[in-house]
Amino acid sequence: LFPESITTEQQSLVLVKRLLAVSVSCITYMRGLFPESSYGTRYLDDLCLKILREDKSCLGSLQIVKWIQGCFDALEKQYVSGFFHFFLMEFTELYQFKFKYKKKVPQMDISSNHREFVTGLCSEDVKQASRLLLRTLYLLMQDLGPLPNDITLTMKLLYYNDVTPKDYQPPGFKEDASPRDLFFGGVPFNLRVGSVSTDFHHMKVRVTTDKKRVRKADSNLIQKNGPTEISHQGLDCEEEEEEESTKINLLNLAFSQEEAIGPEKKRKVSEPEKLPLNGKK
């Protein structure tokens, strides 16, 4: 499932792409969106993973695979800052994937007075963090109550404006011409799933769902007074705790670039066509 070694930028990219694909597959499988035929099976230690595949008999799963591939394109170019996967009837559940990109910088070897790249995070530690993230997501999905029957699934990609061409759109996405706030249909309950860092990438996952849908949750996952409307002024800042709100500002959910974005410079956002999910299993 993971690269043997995670010491190069390409290996790190492969890991992040696989984590994203497996996580989205987990969400769609555990929330009962598509039939068993839309999934293949892989094992991570003792954990049975269901991975979305191109099932021509299920147009919905084909569309999700296409969206994931579009996000891969944006990840490869280091344009995307956030990937948001959520259900709409009234806005009822949100999955946030946030990405940061890191560059290895030469460090001074004092004893030899030479600059060299110093090995950072251990590959085994990165793989262990990846296992923990997926296991936590699976356990969380088992503890969530069912979704409404008539829902729509959609996704949005947010970008780092300073590096993303204005006309860029990944395959399967189009410009979101009128990004707007969404209003949560219930009491938002925020859960930290986890994060994985390599020497080149950082990926963080968080879930927001209706409080009444959470049967039980590990207290370490609960984000107390967690914001559903988040404002960031820099890549490295931590999320500020704010009063709980039912208004979701999608433009502020991702890590913003280092410059503040004012009204005159809107964040670039992409969205696919909305996908009706009346065929839940």
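Above this text you will find the structure in question.
Here is a short report on the structure shown in this document. Everything numeric here is computed off the predicted structure, so don't read it as measured data. (Residues numbered from 1 in each chain as written. Predicted model: local features only at pLDDT ≥ 70, side-chain atom pairs only at ≥ 80, totals over all residues. Heavy atoms only, no water.)

**Some thoughts on the overall build of the chain**
Here is step 1 of the chain: Counting its secondary structure elements, the chain contains four helices and 14 strands.
Here is step 2 of the chain: Per-residue burial for the chain yields a buried fraction of 53% across its 281 residues.
Here is step 3 of the chain: When contacts within the chain are restricted to residue pairs at least 6 apart in sequence, those whose partners lie at least 24 apart make up 71%.
Here is step 4 of the chain: Of the roughly 13,700 Å² of accessible surface on the chain, a fraction of 49% belongs to carbon and sulfur atoms. (Helix = DSSP H or I, 4+ residues; strand = E, 2+ residues; numbered from the N terminus. Buried < 20%, exposed > 50% of the residue type's maximum accessible area, 1.4 Å probe, protein only. Contact = heavy atoms within 4.5 Å. Areas by Shrake-Rupley, 256 points an atom, 1.4 Å probe, with all protein chains shown as cover.)

**Describing helix H3 (residues 123–142)**
Here is step 1 of the chain: Between its first and last C-alpha, H3 extends 29 Å over 20 residues, near the 28 Å set by a 1.5 Å rise per residue.
Here is step 2 of the chain: Of the residues making up H3, those classed as buried are Ser123, Val126, Lys127, Ser130, Arg131, Leu133, Leu134, Thr136, Leu137, Tyr138, Leu140 and Met141.
Here is step 3 of the chain: Contact partners of the buried residues in H3: helix H1 (9–30), strand E1 (39–44), strand E2 (47–52), strand E4 (93–101), strand E10 (188–197) and strand E11 (201–210). (Expected span 1.5 Å × (residues − 1).)

**Considering the packing of H1 against H3**
Axis angle and axis distance: for two packed helices, these are the angle between their axes and the distance between the axes, and together they describe the pair.
Here is step 1 of the chain: Following both chains from N to C, one finds H1 and H3 inclined at 15 degrees, their axes separated by 10 Å at the closest point. Between H1 and H3, the angle falls in the class roughly parallel. The interaxial crossing formed by H1 with H3 has right-handed handedness. Residues Leu15, Leu19, Val22, Ser23, Cys26, Ile27 and Met30 of H1 form the contact with H3, whose participating residues are Val126, Ser130, Leu133, Leu134, Leu137, Tyr138, Met141 and Gln142. (Axes fitted to C-alpha atoms, helices over the stretch in contact; angles between N-to-C directions. Parallel < 35°, antiparallel > 145°, perpendicular 65-115°, else oblique. Left-handed = near helix turned anticlockwise from the far one by under 90°.)

**Re the nonpolar core**
Here is step 1 of the chain: Within the largest apolar cluster, 62 residues are counted, with the highest numbers of intra-cluster contacts made by Leu20, Ile64, Leu75, Phe83, Phe97 and Phe99.
Here is step 2 of the chain: For this core, the leading source of residues is H1, giving 11 residues. (Core = buried A, V, L, I, M, F, W, Y, C linked by side-chain atoms within 4.5 Å.)

**Some thoughts on unusual backbone geometry**
Here is step 1 of the chain: In this structure, aspartate 45 is a non-glycine residue whose phi angle is positive, near 55 degrees.
Here is step 2 of the chain: With respect to the helices and strands, the residue aspartate 45 is situated in the loop between E1 and E2.
Here is step 3 of the chain: Classification of aspartate 45 by relative accessible area gives exposed; the value is 54%.
Here is step 4 of the chain: For glutamine 78, which is not a glycine, the phi torsion comes out positive at approximately 60 degrees.
Here is step 5 of the chain: With respect to the helices, strands and loops of the structure, glutamine 78 is situated in the loop between helix H2 (59–76) and strand E3 (80–88).

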